[in-house]
Amino acid sequence: MIERRTRPDRAKALTVNAGLALLEKDGRAAAALFMEEAGVPLPVIARVLSEPDKRRAADLR
């Protein structure tokens, strides 16, 4: 399966980046809750929080 490296949904991309910024400031639980409440799919939340090396190029690193 080919992994997409860009996100077609700009609003979700901004939400993920805000969640990643929150991760640095307030921790994993706060970031996960923020993204979940904003409608980011749980598999995406798990990937960006647990596997930083698998984040998309546009995500905060």
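Calculation rules
Residues numbered from 1 in each chain as written. Predicted model: local features only at pLDDT ≥ 70, side-chain atom pairs only at ≥ 80, totals over all residues. Heavy atoms only, no water. Helix = DSSP H or I, 4+ residues; strand = E, 2+ residues; numbered from the N terminus. Expected span 1.5 Å × (residues − 1). Buried < 20%, exposed > 50% of the residue type's maximum accessible area, 1.4 Å probe, protein only. Contact = heavy atoms within 4.5 Å. Polar contact = N/O pair within 3.5 Å; in protein donor to acceptor, adjacent residues only side chain to side chain. Axes fitted to C-alpha atoms, helices over the stretch in contact; angles between N-to-C directions. Parallel < 35°, antiparallel > 145°, perpendicular 65-115°, else oblique. Left-handed = near helix turned anticlockwise from the far one by under 90°. Nonpolar A, V, L, I, M, F, W, Y, C, P; charged D, E, K, R; others polar. Salt bridge = Lys/Arg side-chain N within 4 Å of Asp/Glu carboxyl O.

Here we look at helix α1 (residues 10-26)
For α1, spanning 17 residues, the distance from its first C-alpha to its last is 24 Å, which sits close to the expected 24 Å at 1.5 Å a residue. Listed in full, the buried residues belonging to α1 are Ala13, Thr15, Val16, Asn17, Gly19, Leu20 and Leu23. Its buried side turned inward, α1 meets α2 (28-37) and α3 (42-50). The opening residue of α1 is Asp9, an N-cap whose side-chain oxygen sits 3.1 Å from the backbone nitrogen of Ala11.

With respect to the packing of α2 against α3
Following both chains from N to C, one finds α2 and α3 inclined at 150°, their axes separated by 10 Å at the closest point. Considered as vectors, α2 and α3 are oriented roughly antiparallel to each other. As α2 packs across α3, the resulting crossing turns out to be right-handed. Together, Arg28, Ala31, Ala32, Met35 and Glu36 of α2 and Leu42, Ile45, Val48, Leu49 and Ser50 of α3 make up the contact between the two elements.

A closer look at the packing of α1 against α3
Between α1 and α3, whose axes approach to 11 Å, the crossing angle comes to 45°. Here α1 lies oblique to α3, going by the angle between them. In the crossing of α1 with α3, the sense of the turn from one axis to the other is right-handed. Side by side, α1 and α3 meet where Val16, Leu20 and Leu23 of the first sit next to Val44, Val48 and Leu49 of the second. Here the contact of α1 with α3 is composed, by residue class, of 6 nonpolar, no polar and no charged.

As for the pattern of salt bridges
A complete count under the given rule lists 1 salt bridge for this structure. Notably, a salt bridge pairs Asp9 with Lys12, separated by 3.9 Å at the nearest N-O pair. Residue classification places Asp9 among the partly exposed residues on the basis of a relative accessible area of 33%.

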